Every structure is written in C-alpha cells, then in structure tokens.
Amino acid sequence: MKTTSENNTATFIHLSTLSQYFIPFGNYIFPILIWSSKKDESEFIDYNGKQVLNFQLSLLLYSLVLAIIAIPIILFTIFSTISCNSIVNERDFVFNHLNIENISGTVIVALLAIFIFIGLKVTEFFLTIYAAVKASNGEKYKYPLTIEFIK
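Residues numbered from 1 in each chain as written. Predicted model: local features only at pLDDT ≥ 70, side-chain atom pairs only at ≥ 80, totals over all residues. Heavy atoms only, no water.

(A) How the structure looks around helix α1 (residues 4-15). Compared with an ideal rise of 1.5 Å per residue, which puts 12 residues at 16 Å, α1 spans 16 Å between its outermost C-alpha atoms and is within 8% of the ideal. Here α1 has its buried residues at Glu 6, Asn 7, Thr 9, Ala 10, Thr 11, Ile 13 and His 14. (Helix = DSSP H or I, 4+ residues; strand = E, 2+ residues; numbered from the N terminus. Expected span 1.5 Å × (residues − 1). Buried < 20%, exposed > 50% of the residue type's maximum accessible area, 1.4 Å probe, protein only.)

Dropping the structure here:
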C-alpha cells in the first residue's frame with residue numbers, strides 16, 4: 001500500500017528533473033539526492049527514481065549522439081565557405097556559396113539532428129509532467145525509449 005508521502009516523494013523526484021532549466025545538471029543531481037535518501041524506505045520510490053535516472057541518462061546519450069552528428073557537419077560547412085583571402089586581406093569574413101542551392105545532404109542531416117534534439121527536449125518536458133501525475137496517483141510509469149542503466 002502506497003502512502004501519500006511515497007506518492008509525493010516519487011512525484012517530486014520526477015519534477016526535480018525540471019531544475020535543469022535553472023541549474024546546470026540539476027536533472028541529475030536532485031533526482032539522485034532524493035532517490036538515494038529515500039530508496040530504502042519504499043519500493044515505489046526506488047522504482048520511480050530508477051526510471052527518472054534511466055530516462056535522463058538515455059536522453060543524455062541521445063543528445064550526445066545528435067551533437068556528434070550535427071556540430072562537426074555545421075562547423076565544416078561554415079568554415080568551408082569562408083574565403084581565406086578575404087580574412088587575411090580585409091580582416092572580414094565573407095561567406096562564399098553559403099546559400100540554399102549549395103546546402104548538401106550532410107547539412108540537411110545536421111539540421112535534422114538539431115530538430116530531433118529540440119523534439120527530444122519538448123518530449124522530455126511533457127513526459128516528465130505526465131510521469132509526475134502518474135506518480136502522484138500512485139501508478140508506476142515507464143518512460144518510452146529508455147535504456148536501463150540502473151536496474
């Protein structure tokens with residue numbers, strides 16, 4: 001039987017991930033602190049803490065993969081269009097051939113990675129709220145697309 005205190009703690013674990021918008025790495029620090037201090041008291045709190053941390057670590061992994069794809073492609077595209085002569089002679093960046101006709105498939109892949117990242121962040125926000133509501137009702141919730149790092 002889950003108590004109101006357990007439901008509230010599990011809800012707070014989920015909602016503490018939203019601290020990432022105010023405190024860097026708050027989406028890892030606060031859930032770990034709350035979960036580690038209360039995990040031995042309740043199976044429900046332990047389950048929710050593991051779900052939150054697994055989801056956040058999965059999103060970190062997905063974000064790193066997207067960054068590894070997008071950042072080098074975008075930097076290469078930008079720096080390949082800068083004229084070196086204009087930098088040396090005029091001390092001004094001139095972007096040659098940076099227009100819609102010259103965007104290659106790799107740039108489209110980079111832009112797609114950026115849009116997927118934005119979609120991940122929006123989805124993370126709404127899934128966090130949804131999981132917090134489920135936890136406040138005493139229901140177990142398993143985040144989708146989550147890799148089980150902590151079992």
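Alright, that's what it looks like, and here's the rest.
(B) Region of the structure containing unusual backbone geometry. A positive phi angle, close to 60°, is found at Phe 25, a residue other than glycine. For Phe 25, the location among the structural elements is in the loop between α1 and α2 (26-38). Overall, the relative accessible area of 59% leaves Phe 25 in the exposed class. We note that Leu 145 has phi near 55°; this positive angle belongs to a residue other than glycine. Leu 145 sits in the exposed class, given a relative accessible area of 70%.

(C) Quick peek at the environment of Ile 29. Counting through the fold element by element, Ile 29 comes out in helix α2. Sequence-wise, Ile 29 and Thr 17 are 12 residues apart; in three dimensions their C-alpha atoms are separated by 8.6 Å.

(D) Spatial organisation of the packing of aromatic side chains. Counting across every chain of the model gives 6 aromatic pairs. On the basis of an interplanar angle of 35° and a centroid distance of 6.4 Å, the ring pair of Phe 25 and Tyr 28 is categorised as tilted. On the basis of an interplanar angle of 5° and a centroid distance of 4.1 Å, the ring pair of Phe 55 and Tyr 143 is categorised as stacked. Here the residue Phe 55 occupies a position in helix α3 (residues 43-80), and Tyr 143 occupies one in the segment after α5 (105-136), the gap between them amounting to 88 residues. Accessibility classification places Phe 55 together with Tyr 143 in one group, the buried group. The side chain of Lys 39 reaches across the aromatic face of Trp 35, ending 4.6 Å from its centre. One residue, Lys 140, lies across the ring of Tyr 47, its end atom 4.8 Å from the ring centre. (Phe/Tyr/Trp six-rings, centres within 6.5 Å; stacked < 30°, edge-to-face > 60°. Lys NZ or Arg CZ within 6 Å of the ring centre and 35° of its normal.)

(E) Region of interest: the packing of α1 against α2. Closest axis-to-axis distance for the α1/α2 pair is 8 Å, and the angle between their directions is 155°. Our classification of the angle between α1 and α2 gives roughly antiparallel. Here the hand of the crossing between α1 and α2 comes out left-handed. When α1 is examined against α2, the residues Thr 9, Phe 12 and Ile 13 are found in contact with a partner set consisting of Pro 31, Ile 34, Trp 35 and Lys 38. Its residues placed into classes, the contact of α1 with α2 shows 5 nonpolar, 1 polar and 1 charged. (Axes fitted to C-alpha atoms, helices over the stretch in contact; angles between N-to-C directions. Parallel < 35°, antiparallel > 145°, perpendicular 65-115°, else oblique. Left-handed = near helix turned anticlockwise from the far one by under 90°. Contact = heavy atoms within 4.5 Å. Nonpolar A, V, L, I, M, F, W, Y, C, P; charged D, E, K, R; others polar.)

(F) The nonpolar core, seen in detail. Among the nonpolar cores identified, the biggest contains 18 residues, and Ile 13, Phe 55, Leu 127, Tyr 141 and Tyr 143 are the most heavily contacted of them. Where this core is concerned, the elements lending two or more residues are α2, α3 and α5. Here this core gets 8 residues from one element, more than from any other, and that element is α3. Contact partners of Tyr 143, with chain neighbours within four places excluded, come to His 14, Gln 51, Val 52, Phe 55, Leu 127, Thr 128 and Ala 131. (Core = buried A, V, L, I, M, F, W, Y, C linked by side-chain atoms within 4.5 Å.)

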